[in-house]
Amino acid sequence: MSVATTLQAIPLFAHLTDEELARMGELTRQRKHPKGSVILFEDDPGDALYVVIEGQVKVVLIGEDGREVILATLADGDFFGEMSLIDDEPRSAHVIAMETSNLLVLRRDDFQRCLEDNPRIALGLLRALTKRLRLADSKIGGLVLLDVTGRVARLLLEMADENDGVVISRKVTHHQIAQMIGSSRETVSRTMRTLIDENLIEVVGKTITVRDREAMESTAGLR
Ligand code: CMP
């Protein structure tokens, strides 16, 4: 696949002309990160923007006791590392490859020039950041206002909405769910069992399906 075709599949660059795509192809390089490798370290200075071409990464904070909080997981077409480039502050979190991931890297100076030259990229970036803020608001609200069942239900609905609103296509473990909603693996396993017993969700192999959307929304405090 040509670099231009790869770039065109990324929402942030999808509207660029062939000429602009070719130029962007010259500015970016691809890098492969094996599963489990740290791509960015919290507090490091920011030197580049990354786009996931293929794979999955997690944005995490790690406490002094080694506990991990997953702020977000990002997959094909998503970008990260923009915050330090925009505000010149150190990296706000670690970013770790959850599976072997193929990334596109754009150096700081080139990223800043791209934004200046291309208002549509800047607008796309703002739109994506606004979406992230909405998700973060929802998460903060959930942490304060919902019990663990409500938080699990809300997270499952968010993940189903990445797809068709019904099937959760990405593979997620109970431990990862716990790290995303601030709970323990044991509590999440118990909660998942209850949601299955009450016919709100179905789990076949590693695939989770929302069976009763209305009841899930009600549990998640969305109705
Ligand atoms: P930066 O601070 O440069 O490095 C860590 C990156 O993680 C950050 O840029 C964002 O790209 C990403 N990030 C931080 N917080 C979130 C979040 N809540 N949701 C999605 N991505 C995030």
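Scope of this entry: the structure provided in the associated data block. For every chain, the first residue of its written sequence is number 1, and the numbers climb from 1 along that sequence. Owing to the predicted nature of the model, reporting of local features is limited to residues with pLDDT of at least 70; listing and counting of side-chain atom pairs is limited to 80 or more, with chain, interface and lining totals taken over all residues. Note: side-chain values were computed over all heavy atoms of the structure, leaving out hydrogens and water.

## Observations regarding the side chain of Gln-176
Strands here are runs of E lasting at least two residues and helices are runs of H or I lasting at least four, both read from the DSSP assignment and numbered beginning at the N terminus. Within the element layout of this structure, Gln-176 appears in helix α7 (residues 174-181). We call two residues in contact whenever any of their non-hydrogen atoms come within 4.5 Å of each other. Setting aside chain neighbours within four positions, we find Gln-176 in contact with Ile-70, Met-98 and Lys-171.

## Some thoughts on the environment of Asp-164
Secondary-structure assignment places Asp-164 in the loop between α6 (148-161) and β9 (167-168). Partly exposed residues are those whose accessible area sits between 20% and 50% of the maximum for their type, while under 20% is buried and over 50% is exposed, using a 1.4 Å probe and protein chains only. For Asp-164, a relative accessible area of 48% translates into the label partly exposed. At 2.9 Å, the side chain of Asp-164 and the backbone nitrogen of Val-166 are in polar contact. Polar contact is the term for a pair of N or O atoms within 3.5 Å; when the atoms are in protein, one must be able to donate a hydrogen and the other to accept it, and sequence-neighboring residues count only if both atoms are side-chain atoms.

## Let's talk about the sheet that holds strand β6 (residues 79-80)
With respect to topology, four strands assemble into an open sheet ordered β1-β8-β3-β6, the strand pairing being antiparallel. Every interior strand has two partners, whereas the edge strands, β1 (28-33) and β6, have only one. Strands are treated as partners if at least two bridges between them are detected by DSSP. Pairing between β1 and strand β8 (residues 101-107): six bridges, direction antiparallel. Bridging across to β8, Gln-30 finds its partner in Leu-104. Strand contacts of helix α4 (residues 108-117): β3 (48-54) and β8, with the helix running at about 75 degrees to β8, the strand carrying the most contacts. Angles here are taken between N-to-C directions and fall from 0 to 180 degrees, while the axes themselves are lines fitted to C-alpha atoms, restricted in helices to the stretch in contact.

## Topic: the site of the ligand
Near the ligand, the surroundings consist of 13 residues, among which Gly-81, Glu-82, Ser-84, Arg-91 and Ser-92 are the closest. The separation between an oxygen atom of the ligand and a polar side-chain atom of Ser-92 is 2.7 Å. A 1.4 Å probe and the Shrake-Rupley method give the accessible areas. Residues count as covered only by the protein chains that appear here. Here the ligand loses 90% of its free accessible area of 450 Å² to cover by the protein chains. Of all the elements, helix α3 (residues 82-87) adds the most residues to the shell around the ligand, at three residues. Amino acid classes used here: Ala, Val, Leu, Ile, Met, Phe, Trp, Tyr, Cys and Pro are nonpolar; Asp, Glu, Lys and Arg are charged; the rest, including Gly, are polar. By residue class, the composition of the shell around the ligand is seven nonpolar, three polar and three charged. Residues are labelled near a given molecule or strand when at least one of their non-hydrogen atoms is within 4 Å of it.

## A short note on the layout of surface pockets
Cavities and pockets are found on a 1 Å grid laid over the protein atoms alone: a cavity is a set of points where a 1.4 Å probe fits but cannot escape, a pocket is an open set with protein on both sides within 12 Å along at least five of seven lines, and a lining residue has an atom within 4 Å of such a point. Grid points are joined across faces, edges and corners, and a volume is the space filled by probe spheres set on the points. Volume-wise, the second largest pocket comes out at about 390 Å³. Around the second largest pocket sit 19 residues that line it, and Lys-171, Val-172, Thr-173, Gln-176 and Lys-206 are the ones nearest its centre. Elements with a minimum of two residues in the lining of the second largest pocket: β4 (56-62), β7 (94-97), α7 and α8 (185-197). Of the residues that constitute the lining of the second largest pocket, the class distribution is eight nonpolar, six polar and five charged. Domain start and stop positions are those given by an automatic or database domain assignment. Lining the lining of the second largest pocket are residues from two domains, each supplying at least three of them: domain 1 (3-136) and domain 2 (147-219).

## Notes on α6
Since one α-helical turn is 3.6 residues long, residues separated by three or four positions face the same way. Expected span of a helix: the number of residues minus one, times 1.5 Å. With 14 residues, α6 extends 20 Å between its outermost C-alpha atoms, agreeing within 8% with the 20 Å of an ideal straight helix rising 1.5 Å per residue. Where α6 is concerned, the buried positions are Val-148, Gly-150, Arg-151, Val-152, Ala-153, Arg-154, Leu-155, Leu-156, Leu-157, Met-159 and Ala-160.

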